[in-house]
Amino acid sequence: MAEDKFDVIIVGGGIAGCITGYLLAKEGLEVLLVERGNTIGAKNTSGGRIYAHSIEPIFPNFGQIAPIERLITRERLSFMTQDENFTMDYALKPGKNKSELSFSVLRVKFDEWLGQKAEEAGVSIINGIRVDDLIRQDGKICGVIAGGEEMKSDVVVLADGANSTICTKYGLGYELNPHTCAVGVKEIIELGKDKINDIFNVSQNEGVAWLFAGSPSNAYMGGGFLYTNETSISLGVVFGLHNCSKTDISVPSMLENFKNHDFIKPLIKGGKTTEYSAHIVPEGGIGAMKKISDSGVVVTGDAAGLCLNVGYSVRGMDLAVQSGAAAAKAIINAKQNNDFSAKSLLQYDELLNESFVMRDLKLYKNLPKFLNNERIFRDYPCMINSIMRDLFVIDGASKPLMKKILPRLKQVGYTNIIKDVFKGARSI
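Parameters at a glance
Residues numbered from 1 in each chain as written. Predicted model: local features only at pLDDT ≥ 70, side-chain atom pairs only at ≥ 80, totals over all residues. Heavy atoms only, no water. Axes fitted to C-alpha atoms, helices over the stretch in contact; angles between N-to-C directions. Helix = DSSP H or I, 4+ residues; strand = E, 2+ residues; numbered from the N terminus. Parallel < 35°, antiparallel > 145°, perpendicular 65-115°, else oblique. Left-handed = near helix turned anticlockwise from the far one by under 90°. Contact = heavy atoms within 4.5 Å. Patch = residues over 30% accessible without salt bridge, like charges linked within 9 Å, V, L, I, M, F, W, Y side chains within 5 Å. Areas by Shrake-Rupley, 256 points an atom, 1.4 Å probe, with all protein chains shown as cover. Salt bridge = Lys/Arg side-chain N within 4 Å of Asp/Glu carboxyl O. Buried < 20%, exposed > 50% of the residue type's maximum accessible area, 1.4 Å probe, protein only. Core = buried A, V, L, I, M, F, W, Y, C linked by side-chain atoms within 4.5 Å. Polar contact = N/O pair within 3.5 Å; in protein donor to acceptor, adjacent residues only side chain to side chain.

**Considerations on the packing of helix α12 (residues 374-392) against helix α13 (residues 401-412)**
In helix packing, the relevant descriptors are the interaxial angle and the interaxial distance, both defined with respect to the helix axes.
Thinking step 1. At a minimum axis separation of 9 Å, α12 and α13 run at an interaxial angle of 165°. Between α12 and α13, the angle is such that the two are roughly antiparallel. Considering the relative orientation of α12 and α13, their crossing is right-handed. From α12, Arg375, Asp379, Tyr380, Met383, Ser386, Ile387, Arg389, Asp390 and Leu391 reach across to α13, where they touch Leu401, Lys404, Ile405, Arg408, Leu409 and Val412.

**Considerations on a nonpolar patch on the surface**
Thinking step 1. Side chains of Met402, Leu406, Tyr414 and Ile418 sit close together on the surface and give an oily, nonpolar patch of about 400 Å² of accessible area.
Thinking step 2. Looking at the nonpolar patch, the elements that each hand over two or more residues are α13 and α14 (414-427).
Thinking step 3. Among the secondary structure elements, Tyr414 is positioned in helix α14.

**Side note on the packing of helix α8 (residues 317-337) against helix α9 (residues 342-354)**
Thinking step 1. Running from N to C, α8 and α9 point in directions that differ by 150°, and their axes come no closer than 8 Å. Of the possible angle classes, the one that applies to α8 and α9 is roughly antiparallel. Once α8 is placed against α9, the crossing between them reads as right-handed. Along its contact with α8, which presents Gln322, Ser323, Ala326, Ala327, Lys329, Ala330, Ile331, Asn333 and Ala334, the element α9 presents Ser344, Leu345, Gln347, Tyr348, Leu351 and Leu352.

**A word on unusual backbone geometry**
Trans peptide bonds make up most of the peptide bonds, and negative phi angles are found at most residues other than glycine.
Thinking step 1. At Asp138, a position not held by glycine, the phi torsion is positive, near 55°.
Thinking step 2. Topologically, Asp138 is positioned in the loop between β8 (131-137) and β9 (140-146).
Thinking step 3. With a relative accessible area of 86%, Asp138 lands in the exposed category.
Thinking step 4. A positive phi angle, near 55°, is found at Asn201, a position not held by glycine.
Thinking step 5. Here Asn201 lies in the loop between α6 (193-200) and β12 (206-214).
Thinking step 6. Since its relative accessible area comes to 55%, Asn201 is described here as exposed.

**Quick word on the nonpolar core**
Thinking step 1. Ranked by internal contacts, the top residues of the largest apolar core, which has 109 residues, are Val8, Ile19, Ile50, Phe62, Phe110, Leu158 and Ile331.
Thinking step 2. Top contributing element to this core by residue count: α8, with 11 residues.
Thinking step 3. Dropping the residues within four chain positions of it, Phe62 is found in contact with Ile50, Ala52, Ile55, Glu56, Ile68, Phe103, Phe110 and Trp113.
Thinking step 4. Leu191, Val202, Val208 and Leu226 belong to the second largest nonpolar core, which has 24 residues in total.

**So, the environment of Ser323**
Thinking step 1. Positionally, Ser323 belongs in helix α8.
Thinking step 2. Separated by 71 residues in the primary sequence, Ser323 and Ile394 have C-alpha atoms spaced 54 Å apart.
Thinking step 3. In contact with Ser323, not counting residues within four places along its chain, are Ala16, Thr300, Gly301, Leu306, Tyr348 and Leu352.
Thinking step 4. Only 2.9 Å separates the side chain of Ser323 from the backbone oxygen of Ala320, close enough to count as a polar contact.

Shown next as structure tokens:
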């Protein structure tokens, strides 16, 4: 192995890494993918959601051939306090345009499938080995050091996740600190298909994507989420690490509190936890991104900080897919020109800039700063639930509607509300 040289070595077998490898191998490049887990997908034990618009061009009829869980047909957004919960529920009818669909997936299954597709295309995969460092000669990255061996390549693709120590060492990816990332703790809770359908009022293959703001993250930046899988749900909490000093509750405890909330507890009654995981989530946006390409190297997916939380939706998988496709295209062109310099691989940056990835990250560049506002996760959930209580609880006292609402607004402060609405509008 030490004497072999590959066209490309990919570090990490997640979505970005597998997509990159698949597309490169289809074009005849010799690709090695090194995955730290014992199998592709073994480390991604949680669930989530993928938007088909990015992956449909790569795998046509994606929803029919991939191991998806459910087609998302209901969107819910809740504002939760310790005792109450207000939910907005939107049911959508799937259209004929397959690129407009989205699906819940379990990454342990989905990534394994992607790995199989990459291997079928010709990618060589090594599992159970950690890449410890890069090989750098004359200012160019030209391989990796893994398992005590040196493996050479023309290009290295770093797709090793949000907590990439290699990116940190070489000044690549994004600025990893408590202000640019969150920690997510998730469980897969088995309930059975029929029970999922009954509880969430969905048909056999349809599902729900549900986000919660307020008490799940102890009224700090973050929130809760729930995705319905075929026979289980993915339930979890995300918490901004910069607020750790402000709370004495650990993130796993936040998840336990969330599970035991009077509104959530009946939904998971009788369920069995089959998987439990935690991972770092990049949430700094474009402002936290550093260099994502250099001589002999490109950075994709979470390792590049490509994640987008806009409050009502959380996206990462579609950005990972697109970054993998852009990396493959840039590397194929570099191979044709036999030029793997920083200038040549800068095409990767240019392709991302032309895609929805950077357009959306630029569009929402001010959103991370706006969401770092305790009123959003503490005061507004309380205000909304208090207004709902005043509207729907009848106690015999006659009071005009505005006299019920205005005192609740005053508790947050009219000036604060106007200021937050103005800043929020400018952020989106």
